[in-house]
Amino acid sequence: MFQIAMLHSNNNPDLDSFLRPIADELNKLSTNGMVVMKNGEEISRACVVPLMVTGDIPAVAKIIHHPGHNSFYGCRFCYTCGEHAENGYGMYFPKRGCPLRPKETLVPESSKPKPAKASPPEPDNITKANAFKNSPSFGGVEFFGLDEMHMVSNVAKLVYQLLAPTSRKSHRPDHCTDKKYPFFVDNASFNLIQQGMNKSRANIPLAFSGCFKGINQNSTMFYRSVDWLGFLLYIVPTLVIPILVDKSAQSALLALVRACAVTLQWSVTETETCRIEA
């Protein structure tokens, strides 16, 4: 993987003006190839083909001119339609098995204006063809990689917010009391989670560079993505799930942790994919 740009701007930069020359050069290397010479003698001849273009989730949304994951059709891979929570916050995508976006929807022939906020949500909401549309290897949505590290760390943050006494009210349905809330953790139990994390720090190898302080409103200000991953993958199954009273919440949270662990592997088997979807 090659990092080709780090762009800084107070405004939204025109990414295509930076990416298009690079994409054009890659197209030439893909079709014409290159010859490596040494002392006038041909050493090798090869083509360079880009297999994937990736970045963090907001950056890739800008590359393909997609409105982003907070829009109603916020998935750049398929046509699932999002819904707000009962309190009007967030965007959630409960529908599964939705059709993938066809290749032609990623390269509209003409630019589309951004829809007004009051207008109905538009499934084909990619407004402009991306700079890599002419690449010989461009095959559709799978050409743009998914940043699973930040995606899963954001899931971990949401799990913390569902559990933490200081934030769970904003995620709990209005009609739901603490006793009926499936992810309820009282203050004393939450403090035990924090104490357990602090005690475990003595056994963590020095090579581990994360924060990993006992989780609370203050310590999470210093958490990086890797720290949130550690919380979800190791703390939730060992210290959080045993505290939950609701058995269905225990099962659901454990299934979520297992699915996230699989997505972070270097490779995923078909059997593991079926487990995630189950």
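Just above sits the structure.
A. Examining empty space enclosed by the protein more closely. Inspection of every chain in the model, using the stated rule, returns one cavity of 30 Å³ or more. Considered as a void within the structure, the largest cavity measures approximately 40 Å³ in volume. Lining of the largest cavity is provided by Y160, L163, F190, I193, I215, F231 and V240. When contributions to the lining of the largest cavity are tallied by element, the ones reaching two or more residues are α3 (148-163), α4 (187-200) and α5 (225-240). When grouped by side-chain class, the residues that make up the lining of the largest cavity number seven nonpolar, no polar and no charged.

B. Local environment of the state of the cysteines. Following the criterion strictly, the structure yields zero disulfides and no others. Cysteine C260 remains unbridged, with the sulfur of C75 as its closest cysteine sulfur at 16 Å. You can call C260 buried: its relative accessible area is 7%. With no disulfide of its own, C274 has C260 as its nearest cysteine by sulfur position, at a separation of 18 Å.

C. Region of interest: the pairing of strand β1 (residues 34-38). As judged from the five bridges shared by β1 and strand β2 (residues 41-46), these two strands associate in the antiparallel manner. For M34, the partnering residue across the bridge sits in β2 and is A46. Count of turn residues in the β1/β2 antiparallel hairpin: two residues, of which N39 carries a positive phi of about 55 degrees.

D. Expanded view of the packing of α3 against α5. Two elements in contact, α3 and α5, have axes whose closest approach is 8 Å; the angle formed by their N-to-C orientations is 50 degrees. Looking at the two axes, α3 sits oblique to α5. For the pair α3 and α5, the sense of crossing is left-handed. On α5, the residues touching M149, H150, V152, S153, A156, K157, V159, Y160 and L163 of α3 are S225, V226, W228, L229, F231, L232, V236 and V240. Broken down by class, the residue content of the contact of α3 with α5 amounts to 13 nonpolar, three polar and one charged.

E. Quick peek at the environment of K128. Checked against the element boundaries, K128 lands in the loop between α2 (57-63) and α3. Residue classification places K128 among the partly exposed residues on the basis of a relative accessible area of 31%. Along the primary structure K128 and T105 are separated by 23 residues, whereas in three dimensions their C-alpha atoms are 9.3 Å apart.

F. Region of interest: the pattern of salt bridges. The full count for this structure, using the stated rule, is six salt bridges. Among the ionic pairs, D178 bridges to R172, the shortest N-O distance being 2.3 Å. The exposure class assigned to D178 is partly exposed, which follows from its relative accessible area of 30%. Here R172 falls in the buried class, since its relative accessible area comes to 15%. The partner of R224 in a salt bridge is D227, and the shortest N-O contact between them spans 3.8 Å. According to the relative accessible area criterion, R224 is partly exposed, its value standing at 43%. Under the relative-accessibility criterion, D227 is labelled buried at 0%. Here the residues in one salt-bridge network are D16, R20 and K128, joined through shared partners.

G. Focus on the packing of α4 against α5. It is at 11 Å that the axes of α4 and α5 come closest, and there the two elements cross at 125 degrees. What the angle tells us is that α4 and α5 run oblique. Crossing hand, α4 versus α5: right-handed. Touching I193, G196 and M197 of α4 are I235, L239 and V240, all from α5.

Rules and cut-offs
- Residues numbered from 1 in each chain as written.
- Predicted model: local features only at pLDDT ≥ 70, side-chain atom pairs only at ≥ 80, totals over all residues.
- Heavy atoms only, no water.
- 1 Å grid on protein atoms, 1.4 Å probe; cavity = no way out; pocket = protein on both sides within 12 Å on 5 of 7 lines; lining within 4 Å.
- Points joined across faces, edges and corners; volume = space filled by probe spheres on them.
- Helix = DSSP H or I, 4+ residues; strand = E, 2+ residues; numbered from the N terminus.
- Nonpolar A, V, L, I, M, F, W, Y, C, P; charged D, E, K, R; others polar.
- Disulfide = S-S within 2.5 Å.
- Buried < 20%, exposed > 50% of the residue type's maximum accessible area, 1.4 Å probe, protein only.
- Pairing = 2+ DSSP bridges.
- Axes fitted to C-alpha atoms, helices over the stretch in contact; angles between N-to-C directions.
- Parallel < 35°, antiparallel > 145°, perpendicular 65-115°, else oblique.
- Left-handed = near helix turned anticlockwise from the far one by under 90°.
- Contact = heavy atoms within 4.5 Å.
- Salt bridge = Lys/Arg side-chain N within 4 Å of Asp/Glu carboxyl O.

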